[in-house]
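Close look at the chain arrangement
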Amino acid sequence: MRGAVALLVLLLCRSGTRAQGESGGDRESLVESRGTGDTELTSKQTTGQTITTPDIWGEVEELRDVVDNLGTMILEQREKMRNMEKKMERRWREKWRRGSEARLESENAAMGARLSVIEREVEDLKEQNTAMGARLSASEREVEELKRINAALEARATDSENGNTALEARLNASEGMVEELRRENADRPKVAFSAGLTNDGYLGPFNSITTLVYRRVITNIGKAYNPNTGVFTAPVRGLYYIRFTAMGLKGPPSIDAYIYHNDKSVMFNHQNNDNGRNRFLSNALTLELEAGDVVYMRLPVNQELYDEKSSNYSTFSGFLLFPM
């Protein structure tokens, strides 16, 4: 459209230029002829030449009108072109705006979706943070509890160390005492004996007081008891435990026995037979003996005892409690 208008304007301009040139020449000729006066006009008229000036002016006026009309048309066309361009620009801007709005709406929708996802993630992170905070608080409480336990254990360990030190001291003292007792025990004589009276059953009665000889030796550590004499001889000074048992069958009215220390009776024992049954008698004592002292059993006059093999109804025993 713009190209056609430009071509039409070019043609009109060329026609106008040509007309202006011709009209310019005519005007100059007219001025000159007017300048020479009416005599020349009269001369020309008299010469019989044809005058065309009024026709040329008419054409010029027509051409001016055409040019004016064309100019007006061109202005109108330009105005229309401007309007069309403005409309096209408005439409393009509207279209661009709509496209931009659509893109913005799409982007807003996408951003809204992303925002929703981010908000959910933020909520999840808040929940995780809350859970982590709770776990951290629990861990801190556990750490505090462990610290208290550790402090208590350290205190107990310190007390235990102190106690262990005391126990070590006591243990060392006890070990020393044990070693001392072991040495004393190793150095102390070991004395113990026990013997049965006889394998023959009845022993007695005798017409005089008689020393009992316990011939069946059961134990004789230290060899302090003599089974041939029935006498126990103290090997060291100390405290001794002496004991005996005696049995009498039914018949005699009583059963009696003595314990002698050296040549002196230190214990007399008696048991009546009121019902005619077997009688049993036993007793014991501790004696402080010097080394070489003797202890033995004696049976009074007209008394009898009973013993037999593997029964050991009547026995004589003793052992060293501790040396002095």
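Here, every reference points to the structure presented above.
A brief look at the structure comes next. (Residues numbered from 1 in each chain as written. Predicted model: local features only at pLDDT ≥ 70, side-chain atom pairs only at ≥ 80, totals over all residues. Heavy atoms only, no water.)

What about the pattern of salt bridges?
Here is the rule: Definition used for salt bridges: Asp or Glu carboxyl oxygen within 4 Å of a side-chain nitrogen of Lys or Arg. A run of H or I in DSSP becomes a helix once it reaches four residues, and a run of E becomes a strand once it reaches two; helices and strands are each numbered from the N terminus. Only protein chains enter the accessibility calculation, which uses a 1.4 Å probe; a residue whose area is less than 20% of its type maximum is buried, one above 50% is exposed, and one in between is partly exposed.
The tally for this structure, following the rule as stated, stands at eight salt bridges. Its salt-bridge partner being R64, residue E61 comes within 3.3 Å of it at the nearest N-O pair. Of the two residues, E61 and R64 both sit in helix 3 (residues 53-187), three residues apart, roughly one turn of that helix. Under the relative-accessibility criterion, R64 is labelled partly exposed at 38%. Between R237 and E290 there is a salt bridge; the shortest N-O distance is 2.9 Å. Separated by 53 residues along the polypeptide, R237 in the loop between strand 6 (231-233) and strand 7 (238-248) and E290 in the loop between strand 10 (279-289) and strand 11 (294-299) bring together distant segments of the chain. Looking at R237, the relative accessible area reads 33%, which means it is partly exposed.

Considerations on the sheet that holds strand 4 (residues 216-221)
Condition: In this analysis, strands are considered paired if DSSP registers two or more bridges between them. Simply put, an axis is a line fit to the C-alpha atoms, just over the touching stretch for a helix, and the angle between two N-to-C directions goes from 0 to 180 degrees.
Here five strands make up an open sheet; going across it, the order is 4-1-13-7-10 and the pairing antiparallel. Because the sheet does not close on itself, it has two edges, and the strands there are strand 4 and strand 10. The mean inter-strand angle of the sheet, taken between neighbouring strand axes irrespective of direction, is 10 degrees. Pairing of strand 1 (residues 192-196) with strand 4, which is carried by five bridges, proceeds in the antiparallel orientation. Following the sheet pairing, G196 is matched in strand 4 by R216.

Thoughts on a negative patch on the surface
Test applied: Nonpolar side chains (Val, Leu, Ile, Met, Phe, Trp, Tyr) are joined into patches within 5 Å and like charges within 9 Å, using only residues with over 30% relative accessible area and no salt bridge. Working definition of accessibility: Shrake-Rupley area with a 1.4 Å probe, residue cover restricted to the visible protein chains. Positive charge is attributed to Lys and Arg, negative charge to Asp and Glu, and no charge count is given to His or to the chain ends. For charged residues, the charge sits on one atom: NZ in Lys, CZ in Arg, CG in Asp, CD in Glu.
A grouping of D55, E59, E62, D65 and D68 is seen on the molecular surface, where their side chains present a negatively charged patch. For D68, the position within the fold is in helix 3. Taking relative accessible area as the criterion, D68 reaches 48% and is therefore assigned partly exposed.

Regarding a positive patch on the surface
Taken together, the side chains of K86, K87, R90 and R91 make up a positively charged region of the molecular surface. With respect to the helices and strands, K86 occurs in helix 3.

Points about unusual backbone geometry
Phi angles above zero are rare outside glycine, and K223 is one such case at about 55 degrees. Here K223 lies in the loop between strand 4 and strand 5 (225-226). The residue N262 is not glycine, and still its phi comes out positive at about 55 degrees. With respect to the element layout, N262 can be found in the loop between strand 8 (254-261) and strand 9 (264-272).

Re the nonpolar core
We apply this condition: Residues grouped as a nonpolar core are buried Ala, Val, Leu, Ile, Met, Phe, Trp, Tyr and Cys residues, joined through side-chain atoms within 4.5 Å. The contact definition used throughout considers only heavy atoms, calling two residues in contact when any of these lie within 4.5 Å.
The biggest cluster of nonpolar side chains holds 28 residues, and the ones touching the most others in it are Y214, F232, Y240, V295, M297 and F316. Contributions of two or more residues to this core are made by strand 1, strand 7, strand 8, strand 10, strand 11 and strand 13 (315-323). For Y240, the residues in contact, after removing those within four places along its chain, are V191, F232, A234, P235, L285, T286, L287, L289, F319, L320 and L321.

Observations concerning the side chain of S194
Quick note on the threshold: Any pair of nitrogen or oxygen atoms within 3.5 Å is treated as a polar contact; in protein, a donor-acceptor pairing is required on top of that, and neighbouring residues in sequence qualify only through side-chain atoms on both sides.
Locating S194 in the fold gives a position in strand 1. Judged by relative accessible area, S194 falls into the buried class, the value being 17%. There is a polar contact of 2.8 Å between the side chain of S194 and the side chain of S317. Not counting residues within four places of it along the chain, the set of residues in contact with S194 comprises R216, V217, I218, T219, F316 and S317.

Functional significance is not addressed by these values, which are geometric in nature.
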